[in-house]
Amino acid sequence: MDRRKFCKSAVAAGVAASYPLLSGCGRSETPVATSANTSIRGISLDGVEIELEKAAIKELGESMTGPVLLSGHPDYDSARTIWNGMHDKRPALIARCMNSEDVSNAVTFARERELLTAVRGGGHSWPGKSICDDGLMIDLSQMNAVTVDAEAKRAHAQGGALLNALDANALEHGLVTTAGVISHTGVGGFTLGAGFGRLNRKYGLAVDNLRSAEIVTADGKIRRASEEENADLFWAIRGGGGNFGVVTSFEFQLHPFERNIFSGGIVWPVEQARDVLEYYAEHAASLSDEMYMGPTLLTTPDGAGLIAMDIVYNGDPVAGEKELEALRKIGTPIDDGVKMQDYMVMQTNQDAAFGHGVRSYAKNAMIKEWSQGLVDAMLDAYNGDPRIFITNHVAGGAVKRVGELDTAFPHRNAEIMLVIVSGWMDPAQDDEAIAATREVYAKLDPFTGGYYSNIDTDRAKVTGNYGPAFERLHAAKVQYDPGNLFRLNSNIKPT
Ligand SMILES: Cc1cc2nc3c(=O)[nH]c(=O)nc-3n(C[C@H](O)[C@H](O)[C@H](O)COP(=O)(O)OP(=O)(O)OC[C@H]3O[C@@H](n4cnc5c(N)ncnc54)[C@H](O)[C@@H]3O)c2cc1C
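Draft legend 1. Just empty space enclosed by the protein, in detail. Here the structure, examined in full by the defined rule, presents two cavities of 30 Å³ or more. By volume, the largest cavity amounts to about 40 Å³. Taken together, Gly 193, Gly 239, Phe 409, Pro 410, His 411, Tyr 451, Ser 453, Asn 465 and Tyr 466 form the lining of the largest cavity. Of the residues contributing to the lining of the largest cavity, the split by class is four nonpolar, five polar and no charged. Residue assignment places the lining of the largest cavity across two domains, with domain 2 (146-257 + 463-480) and domain 3 (260-455) each supplying three or more. There is about 40 Å³ of room inside the second largest cavity. When its residues are assigned to classes, the lining of the second largest cavity shows six nonpolar, no polar and two charged.

Shown next as C-alpha cells:
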C-alpha cells in the first residue's frame, strides 16, 4: 500500500500508536536526524522493510556537516524532487552532503544497514534513479561549485554541480570542455555515463576530458582515481555510471575557446524533411570535427510539423559559413538563425522547453551509419504528435577516434545517438504517452546497435550493452562495491 495513503487512513492512526516504526508518519517535531525522536521504517537493498534506529539516525546526523532531512522538514519536498515529474518518491532520509566526509559517513551508514541508496547529482535521471522510496538519498545538490585553474587548463567540478556552472566558469577564462545541451543537467550523471555535447566531435566526450576524480567507494573510503592512481577505477567511471561510488569531484581538461561562435538553428516545414535528411545522411560522416549538425523532427503545440537543424561550428566562422552553404540551399527554410553569437545562447536555448516537472519518457540507441533506410524509417516514425520528438546527439569525429576499450563507454563507432523524447504534464496520459513513444522507437530499432545508458528508461539488461567492456567493469564492481550498494543506475551486478 502507498505509504502516504496508509498514513492518512483511520486504520493507520490506530496501528501507528502501537507500532513505533510507523509513527514517523505523523512526525512533526523531528524534521532532521539530529532531533529524531523515533525509529523510521527503511527499505533494504533487497526490498525488505528494516528499522532505522533512532540512535543511529541521530548519530548520522551528528556526524555530518550538512543536515539529514526527514519527512516534514521544510526542504524535504524540494530535495526529493527531481527533473522528471514521473518520479514522486519519498526517501526515509535525505543526507544533504556538504563535503566528501559527509558523503563517506552517509555511505557507511547505508552499507552497514544494507539500506537502499540513491545518489542525486543534478537530478536529471530520466528513469528516476537518483531517488528512492524509504531508502537513503545521498543529495549532492549543495556540492555544486566549479573552480577553474586557467593556467593548467583544468576545471574542478563538485559531484552535484550543474553543466551551466561548468560552462560558465570555464568560459570566463576563455576555456571550455564538452558539456551537454541542457544547462540544468548534472555534471555527475552526465559524465559518468559518457557525456555527449555540441563540442564532442572536436574534444571528445566528457569522459575523454576527465583527468581525475575523487570518489567515495562503498567501503566509505575517499579515493582519487586517475591514470596514475586507482587506474582500474578511473577507467570504470568513464562510462560505467554510478556503479562504483559517489564522485565528489571531477577534474576536466579545458580547451582554449572563442565563445562568440558561428551557431544557431535552421528550420524547415516537415514536408521538406526528406530533402534535409537525405542531404544529412549523405554528408554527416564527412563533416569536419568543427561542425556539429544535428536534425530534430518535431511538432509545435499548434500542430506545425518541423525539421530543425542544430548547428555549432567550433572554428573559423568563414570556414563554417562555407561548410554550411550546401545545407542552406536545401528547400525553403522558415527560419535561419545561424550567426555569430555567444556559445551560451545555444547551451541554454532549450532549458525552458525541458523545464523541471515535465513528465517525460525517452528511448535512445546508437546508430553506426546513416542510410536511406534510416531516413525512410524516421519519416515513417514521425507521427505529428506534439508530445514526441525524434532528435539525436551527434557523435563521430574525436568520439570515434578513441579506442573501444580506452574508456568504459564502448559505443565509439556510432555516427549519432538517436533519441526519442516525449513530454506531457497530465498524469492521466502517462501510459498512453509512453506507449506512443515506444511505437515511434520501434520503427527505428532495426537500424540501431546498443544504447546510451544515460538515457535508458526501461532497459533492464546492461551486460550486452557494455559489450567488450563488461568483463573489466564487472571486475571493478566486485572490487569496489561487492555488496552492490550503488545499484540505482545501469547496474552491473557484482555476482
Ligand atoms: C533534459 C535532459 C537533457 C539531457 N541532455 C544530455 C546531453 O546533452 N548529453 C548527454 O550526454 N546526456 C544528456 N542527458 C542525459 C543525462 O546525461 C543523464 O540523465 C544523467 O544521468 C544526468 O545526470 P544528473 O547528475 O543530472 O542526474 P541524477 O539524476 O542526479 O543521476 C543520474 C545517475 O547518475 C548517478 N550520479 C549522479 N551524480 C553522481 C555522482 N556525483 N557520483 C556517483 N553517481 C552519480 C545517480 O546515482 C544516477 O544513477 C540529458 C538528460 C535530460 C533529462
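Draft legend 2. Representation of the packing of helix 3 (residues 54-63) against helix 5 (residues 100-113) in the model. Orientation of helix 3 relative to helix 5, taken along the N-to-C sense of each, is 160°, at an axis distance of 9 Å. Classified by the angle between their axes, helix 3 and helix 5 sit roughly antiparallel to one another. Judged by the sense of rotation from one axis to the other, the crossing of helix 3 with helix 5 is right-handed. Residues Ala 56, Ile 57, Leu 60 and Ser 63 of helix 3 lie in contact with helix 5, whose contacting residues are Asp 102, Asn 105, Ala 106, Phe 109 and Arg 113. Here the contact of helix 3 with helix 5 is built from residues that sort into five nonpolar, two polar and two charged.

Draft legend 3. Region of interest: the sheet that holds strand 6 (residues 136-139). Sheet architecture is open: four strands sit in the order 3-4-6-5, paired in mixed fashion. The sheet is open, and its two borders are formed by strand 3 (68-69) and strand 5 (117-120), each paired with just one other strand. With four bridges connecting them, strand 4 (residues 93-96) and strand 6 associate as parallel partners. Its bridge partner lying in strand 6, Ala 95 is registered against Ile 138. Sheet strands in contact with helix 5 are strand 4, strand 5 and strand 6, and its direction is about 165° off that of strand 6.

Draft legend 4. Geometry of the state of the cysteines. By the definition in use, this model includes zero disulfides. Cys 97 carries a free sulfur, and the closest cysteine sulfur to it, the one in Cys 132, is 13 Å from it.

Draft legend 5. Representation of the nonpolar core within the structure. Counting 53 residues, the largest nonpolar core has Leu 327 and Ile 390 as the members making the most contacts within it. Looking at which element gives the most residues to this core, the answer is helix 11 (residues 273-283), with six residues. Both domains that meet at this core, namely domain 2 (146-257 + 463-480) and domain 3 (260-455), each give it at least three residues. If we ignore the near neighbours within four places in the chain, the residues touching Leu 327 are Ile 266, Trp 268, Val 276, Tyr 279, Met 293, Met 309 and Ile 311. Grouped together as the second largest cluster of nonpolar side chains are 38 residues, Val 146, Ala 157, Ala 236 and Tyr 451 included.

Draft legend 6. A look at the confidence of the model for the protein chain. With 94% of its residues at a pLDDT of 70 or more, the protein chain shows a mean pLDDT of 93. Low pLDDT, under 50, characterises residues 1-28; the predicted model gives this stretch 29 contacts beyond four residues in sequence or across chains.

Draft legend 7. Spatial organisation of the pairing of strand 16 (residues 305-313). Burial within strand 16 is extensive, with eight of its nine residues counted as buried. Alignment of strand 14 (residues 260-269) against strand 16, held across eight bridges, turns out to be antiparallel. Within the sheet, the bridge partner assigned to Pro 269 lies in strand 16 and is Leu 306. Taken together, the nine bridges between strand 15 (residues 291-299) and strand 16 define a ladder with antiparallel strand orientation. Bridge pairing links Tyr 292 to Val 312 in strand 16.

Draft legend 8. The arrangement of helix 12 (residues 317-328) in detail. Every buried residue of helix 12 is accounted for by Gly 320, Leu 324 and Leu 327. Considered in projection along helix 12, the buried side chains sweep an arc of 25° and stay on one side of the axis. For helix 12, exposure combined with an orientation more than 90 degrees from the buried face picks out Val 318 and Lys 322. Among the structural elements, strand 14, helix 11, strand 15 and strand 16 are those in contact with the buried residues of helix 12. Among the residues of helix 12, the N-terminal cap falls to Asp 316, whose side-chain oxygen and the backbone nitrogen of Val 318 are separated by 3.0 Å.

Draft legend 9. Region of interest: the sheet that holds strand 7 (residues 146-149). Read across the open sheet, the five strands follow the order 7-8-12-10-11; overall the sheet is antiparallel. Each end of this open sheet is capped by a strand with a single partner; those strands are strand 7 and strand 11 (222-226). Going from strand to strand, the sheet's axes swing by 15° on average, the running direction of each strand aside. The pairing of strand 10 (residues 210-216) with strand 11 spans five bridges and is classified as antiparallel. Its bridge partner lying in strand 11, Ile 215 is registered against Arg 223.

The rules behind each value
Residues numbered from 1 in each chain as written. Predicted model: local features only at pLDDT ≥ 70, side-chain atom pairs only at ≥ 80, totals over all residues. Heavy atoms only, no water. 1 Å grid on protein atoms, 1.4 Å probe; cavity = no way out; pocket = protein on both sides within 12 Å on 5 of 7 lines; lining within 4 Å. Points joined across faces, edges and corners; volume = space filled by probe spheres on them. Nonpolar A, V, L, I, M, F, W, Y, C, P; charged D, E, K, R; others polar. Domains from an automatic or database assignment. Axes fitted to C-alpha atoms, helices over the stretch in contact; angles between N-to-C directions. Helix = DSSP H or I, 4+ residues; strand = E, 2+ residues; numbered from the N terminus. Parallel < 35°, antiparallel > 145°, perpendicular 65-115°, else oblique. Left-handed = near helix turned anticlockwise from the far one by under 90°. Contact = heavy atoms within 4.5 Å. Pairing = 2+ DSSP bridges. Disulfide = S-S within 2.5 Å. Core = buried A, V, L, I, M, F, W, Y, C linked by side-chain atoms within 4.5 Å. Buried < 20%, exposed > 50% of the residue type's maximum accessible area, 1.4 Å probe, protein only. pLDDT = per-residue confidence, 0-100. Arc of directions from axis to C-beta. Polar contact = N/O pair within 3.5 Å; in protein donor to acceptor, adjacent residues only side chain to side chain.

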